[in-house]
Amino acid sequence: MIDHGFKYENLKYSALNNELYGDLDVGNNDIYDVVIKINGFPKRFPLVFEVGERIPNKDNRHKYSNNQCCLTTKAKEEILLKQKIKTLEQFIDKIVIPYFKHNSFYEINGFYKEGEYSHGIIGIIETYFDILHTNNLKITLEWLNKRMKKQKLNIKEPCFCESGKTLKKCHLKYYYDLSQISDKTIATDLSIIIVMMKAEAEKHLE
């Protein structure tokens, strides 16, 4: 049920389907026709569908063939749900509206301004680079494995960002972010990355 005073008054609520639907103004009378299926929230993000056929159903436009919008990766979603996204309004404010604003920018300029992960395996890797503030895949995999093995954290060891500082004096907070991701998600992502690396290695051997 939607709380009284819900500010997105152009979105209607269907109790039967537990969803919001209608026009979403993302600013300057820039309107998107959306359906937001609330089932599962706040344990997971609501499913958002752009049903006005304004955004092409293409991977590089972050929209699936069933009109569902690809908002972020699973790992990032879990962090956001634990730290920033507690209400439906926050979800729309911080996730949905920026997603559509990025699309509006793309329509005018032909590229995304910021904040977009690639689709598929590359997007998963980019997510962990972002979380750990590094572009080093080897270091990223080392820390993901530490997280999975639940190794005792040594805050005096070098930070994963390769600054030369200790973890305590550098990016300890980002390791905390990593701890917010479920074992299941990290295990799944690790297996996907490893499969990709093996496939790349086999290509070079051919």
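Residues numbered from 1 in each chain as written. Predicted model: local features only at pLDDT ≥ 70, side-chain atom pairs only at ≥ 80, totals over all residues. Heavy atoms only, no water.

Remarks on the packing of aromatic side chains
And step 1. Per the stated rule, a full pass over the model turns up 8 aromatic pairs.
And step 2. Between the aromatic rings of F45 and F91, the centroid separation amounts to 5.1 Å while the plane-to-plane angle is 55°, which identifies the pairing as tilted. Taken as a pair, F45 in the loop between strand 3 (31–37) and strand 4 (47–50) and F91 in helix 2 (residues 88–109) lie far apart in primary sequence, 46 residues in all.
And step 3. Judged by its relative accessible area of 5%, F45 falls in the buried class.
And step 4. Centroid distance W143 to F160: 5.0 Å. Interplanar angle 80°. Geometry classified as edge-to-face. Separated by 17 residues along the polypeptide, W143 in helix 4 (residues 137–149) and F160 in the loop between helix 4 and helix 5 (172–179) bring together distant segments of the chain. Each of the two residues, W143 as well as F160, counts as buried.
And step 5. A connected cluster of aromatic rings, assembled from ring pairs, spans Y32, Y99 and F100.
And step 6. Directly above the aromatic system of Y32 lies the positively charged group of R54, at a separation of 3.9 Å from the ring centroid. (Phe/Tyr/Trp six-rings, centres within 6.5 Å; stacked < 30°, edge-to-face > 60°. Helix = DSSP H or I, 4+ residues; strand = E, 2+ residues; numbered from the N terminus. Buried < 20%, exposed > 50% of the residue type's maximum accessible area, 1.4 Å probe, protein only. Lys NZ or Arg CZ within 6 Å of the ring centre and 35° of its normal.)

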